[in-house]
Each structure stands twice: as C-alpha cells, then as structure tokens.
Amino acid sequence: MTDVAEVPGRTGPGRQRAIVPLLGTVLQRLGLGLVTLFMVSIVIYLSIEALPGDFAQSILGRSASPETVEAYRQMLGFDRPPIERYLSWMAGAVHGDFGSSLTSRPGAVRAVSAIIGPRLYNTFFLAAMTAIIAVPLAILLGALTALYRGSFFDRAVNGLTLMTISVPEFFIAYILCYLVISKDMFAMTQLGQLLPSWLSSGIGSVLSLMPKLPTLAAINESTTIGERIWKLLLPSLTLTLVIIAHMMRMTRAVLINVLASPYIEMGRLKGLSSAWIVFKHALPNAWAPIATVVAFNLAYLIVGVVVVEVVFVYPGIGQLMVDAVRSRDMPVVQACALIFAATYIVLNLVADVIAIVTNPRLMYSR
Amino acid sequence: MNASKSEPRQKGAPLLQIAGLKVDGFSDDRWHPIVKGVDLRLERGEILGLIGESGAGKSTLGLVAMGYAKPGCRITGGSVTFDGKDMLSLPEEELRLMRGSRIAYVAQSAAASFNPSHRLLDQTIETAVRHGLLGRRLAAARAVEMFGKLRLPRAAEIGFRFPHQVSGGQLQRAMTAMAMECRPDLIIFDEPTTALDVTTQVEVLASMREVVREFNTAAIYISHDLAVVAQMADRIMVLRHGIAVEEAPTRKMLAEPETEYTRSLWSVRAMSQAERPETDTHLSIEGLSSGYAKSVKVLDDVSLKVQRGRTLAIVGESGSGKSTLAQVISGMVPVWSGKMVFEGQVLPSGFRGRSRDLLRKIQMIYQSPDTALNPRHTVEEIIGRPLEFYLGLRGEERDRRVVELLDMIEMGSQFLDRLPGELSGGQKQRVCIARALAAKPSLVICDEVTSALDQLVQTEILKLLDTLQQELGITYVFITHDIATVRAIADQVVVMNGGKLVEQGSRAQVLETPQQDYTNLLLSSVPEMDPDWLTRLLAERRGGAIAAAN
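Residues numbered from 1 in each chain as written. Chains lettered and ligands numbered in written order. Predicted model: local features only at pLDDT ≥ 70, side-chain atom pairs only at ≥ 80, totals over all residues. Heavy atoms only, no water.

A. View of the overall build of chain B. In terms of regular secondary structure, chain B is built from 23 helices and 20 strands. Counting only C-alpha atoms and orienting by the principal axes, one finds that chain B spans roughly 70 × 65 × 45 Å. For chain B, with 550 residues in total, the buried portion stands at 57%. Intrachain contacts of chain B at a sequence separation of at least 6 include 69% that bridge at least 24 residues. When the accessible surface of chain B is summed, it comes to about 22200 Å², and 49% of that surface belongs to carbon and sulfur atoms. Within chain B, the 68 negative side-chain charges are centred at a point lying 4 Å from the centre of the 65 positive side-chain charges. (Helix = DSSP H or I, 4+ residues; strand = E, 2+ residues; numbered from the N terminus. Buried < 20%, exposed > 50% of the residue type's maximum accessible area, 1.4 Å probe, protein only. Contact = heavy atoms within 4.5 Å. Areas by Shrake-Rupley, 256 points an atom, 1.4 Å probe, with all protein chains shown as cover. Lys, Arg positive; Asp, Glu negative; His and termini not counted. Charge placed at Lys NZ, Arg CZ, Asp CG, Glu CD.)

B. Spotlight on the packing of helix α16 (residues 379-391) of chain B against helix α17 (residues 395-408) of chain B. Residues and elements named next belong to chain B. Two elements in contact, α16 and α17, have axes whose closest approach is 9 Å; the angle formed by their N-to-C orientations is 115°. Note on packing geometry: the crossing formed by α16 with α17 is right-handed. Packed against α16, whose contacting residues are V379, E380, E381, I383, G384, L387 and E388, the element α17 presents R398, D399, R401, V402, L405 and L406 at the interface. Split by residue class, the contact of α16 with α17 holds six nonpolar, one polar and six charged. (Axes fitted to C-alpha atoms, helices over the stretch in contact; angles between N-to-C directions. Left-handed = near helix turned anticlockwise from the far one by under 90°. Nonpolar A, V, L, I, M, F, W, Y, C, P; charged D, E, K, R; others polar.)

C. Region of the structure containing the interface of chain A and chain B. At the interface, 34 residues of chain A touch 49 residues of chain B. Together chain A and chain B conceal approximately 3900 Å² of surface at their shared face, both sides included; 54% is due to carbon and sulfur atoms. At the junction of chain A with chain B, the criterion picks out one salt bridge. Its salt-bridge partner being K270(A), residue E126(B) comes within 2.9 Å of it at the nearest N-O pair. Taken together, chain A and chain B are joined by 16 residue pairs in polar contact (both at pLDDT 80 or more). The set of elements that each furnish at least two residues to the side of chain A that touches chain B consists of α11 (262-269), α12 (274-282) and α17 (360-363) of chain A. The residue makeup of the side of chain A that touches chain B, split by class, is 13 nonpolar, eleven polar and ten charged. (Buried area = accessible area lost by both parts, 1.4 Å probe. Salt bridge = Lys/Arg side-chain N within 4 Å of Asp/Glu carboxyl O. Polar contact = N/O pair within 3.5 Å; in protein donor to acceptor, adjacent residues only side chain to side chain.)

D. Local environment of the packing of aromatic side chains. Residues and elements named next belong to chain A. If you walk through the whole model with that rule in mind, you get nine aromatic pairs over all chains. With centroids separated by 6.1 Å and ring planes inclined at 55°, the aromatic side chains of Y86 and W89 adopt a geometry described as tilted. Here W89 and Y86 lie together in helix α4 (residues 82-94), a separation of three residues that amounts to about one turn. Judged on exposure class, the residue Y86 and its partner W89 are both buried. Seen in terms of ring centroids, F170 and Y174 are 6.3 Å apart; in terms of plane orientation they differ by 70°. Their pairing is edge-to-face. Taken together, the residues span about one helical turn, with F170 and Y174 both in helix α7 (residues 169-181) at a distance of four residues. Its relative accessible area of 38% is what places F170 among the partly exposed residues. (Phe/Tyr/Trp six-rings, centres within 6.5 Å; stacked < 30°, edge-to-face > 60°.)

E. How the structure looks around the environment of P315(A). Residues and elements named next belong to chain A. When you line up the elements, P315 lands in the loop between α14 (306-311) and α15 (317-326). Between the C-alpha atom of P315 and that of R105, which follows or precedes it by 210 residues, the distance is 23 Å. For P315, the residues in contact, after removing those within four places along its chain, are R119, N122, A217 and I219.

F. Representation of the pairing of strand β11 (residues 281-292) of chain B. Residue and element names in this part refer to chain B. Across eight bridges, β11 lies against strand β12 (residues 296-307) in antiparallel orientation. Note on β12: the bridge partner recorded for S284 is K305. If you look at the hairpin formed by β11 and β12, you'll find three residues sitting between the two strands, and A293 has a positive phi there, around 55°. (Pairing = 2+ DSSP bridges.)

G. Summary view of the nonpolar core. With 96 residues, the main nonpolar core has L16(B), L40(B), L61(B), L186(B), I188(B) and I220(B) as its most contacted residues. Residue contacts for L16(B): discarding those within four places in its chain leaves L40(B), R41(B), L42(B), A65(B), V80(B), T81(B), F82(B), L186(B) and I220(B). Ranked by size, the runner-up nonpolar core spans 53 residues in total, among them A127(A), V254(A), L259(A) and V308(A). (Core = buried A, V, L, I, M, F, W, Y, C linked by side-chain atoms within 4.5 Å.)

Structure (structure tokens):
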C-alpha cells in the first residue's frame, strides 16, 4: 500500500549537493558588492573634492608664489577636470595602483600602494591574532552562558563583558599597561598604599604571576614573527576585551532562542546530554546571526582600531590614515577609505555565505 | 487480534504506575494546578488512550511518565513508578539514560521536532549511539529496517534526507522509527497524527499500530480525537481539567460512555443543519487559475457558484489550494485567468482594484485567532476599527455598535477593555467574527475557523455562525479539511485536490453518493467511532486493490 497524499517524486537520490545555486548566490552578492564599492568610491571622491581649500597651496604654505603653486598643481594633475581625474584614479585602483602620495618629491616618487602595503599587513596581522583569540572565546562563553542561563557564572560573564565594552578602548589599554608596569611593585603604587596591606600584597602576588608583556608594539621589517606575536599580545588582549561582549551576547541570545525550539525539547526527551544538545543541536542552527555579528566585529578590527594603535605605538593602517588626513595626503586617504569599504563588503559576503552553507534548507532543494 | 485487545498480554507488576499525581504550571505570575491527582496503571504491551481537550493536562501527564516536567511545570505530589523505579526521585543522569532508550516520545509536530540541521538517519540513531547501546553501523541498519516496516518509501535512502525534504506524514513515521530504535518498553505518542491530513493519518496510524504490536511495546496514546484513539488503544482514560473523568476498555467506552462530558466530546459529529432552500447566485467563479510568484500554479481552472444566504463548504487536504482560493476571492492573491462575478458585477483581481464598499462586502475570518488579532489592541479597538474605516462611525454611535456586536457574539460589554491575551481561544474567535460582522459584509469567508479549537468550542462557534447567518442572511464560504464540520453546516460542498475541483454538489449528493474516487477516499479516511474501523478499512482497501489488480 502506498501513501496517498505523499508525492513520490520527492524522494530522489540520497546525498545530492546543491553547489550550483550556492555559487550563483555568491556571484550575485559579489557583483552587488562591486556595485556598492563603486558607489562608495564616488562618495569618497566627491567628499574629498568638496573639502575646502587648495591642496597645493596648503602643502606649499602661504609664502609660496602663485607660479610655484600653479606648477605644483599641474604636476599633481589638479588642472584636469574632476571626472577625468576620478576615472584615471579608478582605472589605477582596479589594478592595485592608487597613484602616488602627495609627499612625493621629484626624483623620489612614493607610490600609495607601497606606503599602505606594510601598514595593511600589520593591521591584518593584529586583526587575525585578535580574531583567533576572541571569536572562539566569545562563542564558547556565549554557549556556556546560554547553557547555564541565570546562574552565577552567566551573570558574572555578562557583567564583566558588559563592563569591558562600556569602557573606552584606550582606557582598557592603559589599565592593562598599568597592570603590566606595576606588576612587581603594586604595593608601592598609590593604589597599593591605599588598600589594606594584606590585599595589596595579595594583588601584588597575583600580578607577579603575569608575564612581563611589552607595552610598546613598535615593530619594523626586521621583527621576527615570534617577536611580533609577543609584542602584540597586549594590543590584541585589549581588542579582545572590546569586541568579545558583542559576539558573546549575540551567541547567547540566539542560542537561548534556539533552545526554546521543539527539537531541543525532543533532544532532552531522547536522553541527550545538555552539552551535546547545545553544541550539536542548537549551535548549528545559530550560525547565521552569529556570523553576521562576527563579521561586523572583524571589520571593526581592521577599520576602527586607530586608538589602540596609537596607545601601543603600532604602525597600522588606522594611524596611517589619520596621519594622511593631517598632512592632506589625499591619495592615501582615498585608498584607505576604499580598502575599509571593501573590508566591510567582503566580510559581510563571507557572513552571507556562512548563513547559506549552514542552512540545509538553502543548500539542499526538496 | 481484537480478542486480545482488551486484556494485557503479560501478567505481573505493571510497567508504569502513577498514583495521586499532582502537577502545577506557572502562568500569569503564579502557580496553577494542571494535574490534580491522577492515578494511572499501564501493563507491559498495553496501549492506553489519553483523551481530553486542550489544557486537560494530557501532555503533561505523558511527559511525567518519562520523569520529565516541562519548563514552567513542577510536580507537587504523587508517585511515578516505571518498571519498579521511582521516577520522581531518580537522579537526573539516570533518568536521562532511560529517556529515548527505555521510554521514548513521539511529538505532535514532527516538522518542528526534527532538527532542521541534521539528516533523518543521524537523528534516528542518535540516542542508541550516544547511550552506547549500538554501534553506528548496526544502529543505522536497524533504523533502515524500521523505516521499511513503517512503509517509508526508499527506506535505505530516505535517512540521508534532511527534514525539510520529506513530507509531514513521512516525518511522523521517521519519528516513530526514532522512538522504536532502542526497542523501548514504553512510547508516549503525543497527538502524533493531529497535524496530518485524514488520508495520510490512516496510513500513519496503521503503520504505527503494526509496529507497536509487533514489538509488544506499551504505549500511551494522547489525542483529542476519540475516534483516532479508539483505533489504537486497549483502554481509554478521559481527562478534564487535570482530573480523570472516566476510564474504561475502548469498546465499553464507545458503547456506553458514563459521563455527560465524554459524550460531549463527539458533539460536532452529532450536529447537523437543515439544508436551506436554493437561492440566486451571489458569487460565481469561472475557469479561475491562480498561484504565487508568477510560476507556482496553485489553482487550476476552478469554477463554482455560491448561492446567497447559504453556506458553501470547500473541502480539501493541505496543498489542495482551498486557502488560496479564499485569498483570491478576498483579493490577497491576484487572478491569473478566469473571472469572478460578485453580486452581478465582475470582481476585480487584487484588493487594490476594489472600491472600499466592495472590500467591505467580503470579509474573512481566519484559522488562528491568536495571530489574527493584534495582541496590543483591546477588544473595543479591534471591533471599532472596521466601524470607523468602512462605515465612518464615530463617537457614541460607534461605541453603541461595538456593544451591539459584542452582544451578537454572546459576549457582552464587560469584554470591551480586554486584550486578546486575556481571552480563551473560543472567545478570541468570537471577537474575530464580530470584527468581520462590523463591516456589514454580505459574504464571509471562513478559513478553517474551527480547526484550532476544542470540540465543544467548535460546536458553539458553528452554532453561533449559523444563528448569525439566519439573522443577517450572510453568505458563507467555509473552508475546512474536517468532514464533520461540513456535515454540520454546509448546504453545498466543493471538493478540491491538487488545485483542481474534484466534485461539487449539494451536501447530500457529495457526502452520501460521492461520484469521484478521491471524494470516496477522503470520506472513507475520516475515523469513525468504532474500534474496528481502521482494521476494516485497511482490509477493504486491500481487497479493493486486489480486485483492481485482477
């Protein structure tokens, strides 16, 4: 006897993958990303065009003669119409050539890509190091707080991460530096003097267990990888404390939502353990929103860490952009802005792909 | 088979014994008793039917048998003994190891109870593998065998599918296979066929019954439908408001129910309206085709006529296109081809092309009053809004009319300031009816309006709709999957299947002398109050199939 209401055609071959629709979606998103990037480039260009004052004048100073200024303008190509300049800039940018910096001098041309390249590498290095620490930690903490919701552990983790996200990042950086610096002499510091002696000596002995982390992250080409990681521990710890709360809270909220699903109760009635239920049954259904938040925070690690770079004197791209703005080095500013926009677009694309790949309903057709 | 049904197959201590069980549930900031002292005894291999309306405590009772209290519930008294073990004092870890392996659970909504992220086979064998009872390969082989026994198509392959890739009936079978995987002593079936179409329900019931009998598994079968329970259970217990009202062997319960309450459980089946006389055509639909997103065709060449002041019932299973038809009439879904004539004028496709007066004349009542009412609007706002929008009533006139409408739905003015959350399911549906009536419609489309309600409440709502029709002369288009409802209220009946109109005619014609095979199948699949119904039906169908083959 067969099922009357059930369509036999639905039961095709067992394991079939639907890669083609996935590829289509990715290509479509990629195309949209390029369109967005193109529009962002126009916005960047126009807003820099709209800045008041004359670049040549401001670089050469008030005392420069009008002839010198005019000659300089011609050298920079400012005598050409804006559209023409934009198109040639874009044509170059597509090939990875962002023009030459305004700090170039005749005979010593400095390509923007050569200035940005090492700085970008530094920034990516710090971002990657932070992500490797922060993302798994945030997801693990989110899962654990969801599992032990309402417990002391949950409240403690929530309170602590909320505290670290509420404090300005430079302040966290300075506190960490303070702890490192005062680790061997906490009892002698002003705070140590104020506290009762047993407490300050206790804190002192805890602090003395901490390694003597470098508080300056000054590096150059000759720095080895190992040294680089050692010097970046404190900056990445700072950034971890800044971004962990957002990701952890999102993980927790999504998981709590998923944990209310009937299939989770079914898991309990099937006699599965709580940890298994959270990691095997709840987490796979929570990746999409978590990926979005992680992408958002990773983008922040690349475009928003200038303050932390300044505190630790780390030569990242954020500092470069700030310096370029100050010195009116517009080609560098434009290139940085374009890279930042591309970062957001690419990371969001990755989050979208994760959302699709982790959802069988989108991956496998009926 | 039936002779052994009324007595347990194995003697000795009962498998499950519940005594004086009390459970509290937390809602509205305080604890309410849900189960108020229930005694229950189940022998090995016996099937006990638990029946009652929503809120009777039957699901809670079923779960307590597993030593499990739902979130927001607490066990306050009594004892639960399973196979000599006190389930209420065992440590959680020991209970966990018994769940899924010695006591298994089959949930109402298989679609929601399977994890969408994992393949069916992995979920089926999970407990056996995690509890270390079977190796993966052996467990998988056993699951495939059980898929076959439950008549899942392509048993060897279906396990590699994800839940969204199989139908509801197949999921429910897969869930039964999951429950059977560890060969448990007891299975709790919690309304396992309630969400299924009748024709699917027959098949699923038959395969469940077969497997449970074959392995001599004891079961508690929870349902609100006495006719369904009667096919499965040796013994039936009726629960009401957390108290066991009546308990008897199945045959005795059906033949001579002792309490008034038990008799009322099949009240809708007893209800039947006198057929109203023929009138002129109110709405006619000719060659209508429609669907979604320009490519998914749902309705294919549908033609029908609705007569003024009468009730047309559109019957069909899920996916038959009956709800889409309602949405096309109301203008929510555009017409692809064909035409609709309403009160002598062509009805424009899509609500944007209709005048406000035309919109006013066609109103809808929905299946789920919970989602059809804005939870933050009071009853007065809900009913008052169409009065302002369609009729332009303001101030005192509007307020008076709201109270009038509340009286019409037999509720009264004390409900004016209530929010939907403070009303019962039946009251919410009444408010939905009042909201539709507020516009003074001439045609009301009722889309499965009683499906989400308990039997007794269903009867009340149907009676109310009938009274209103007699007073106001409204035409009803009544969409339903439930044949008992059709029998209760319809003048004309239209049967739909796969987007096509299968059969139409007067109620007597369609229900008593169906001409089409599909109508026959649909009607014969409706469970009857007879414990032998399923056995007889299966024998008949098998006989029919053999005859057809010859």
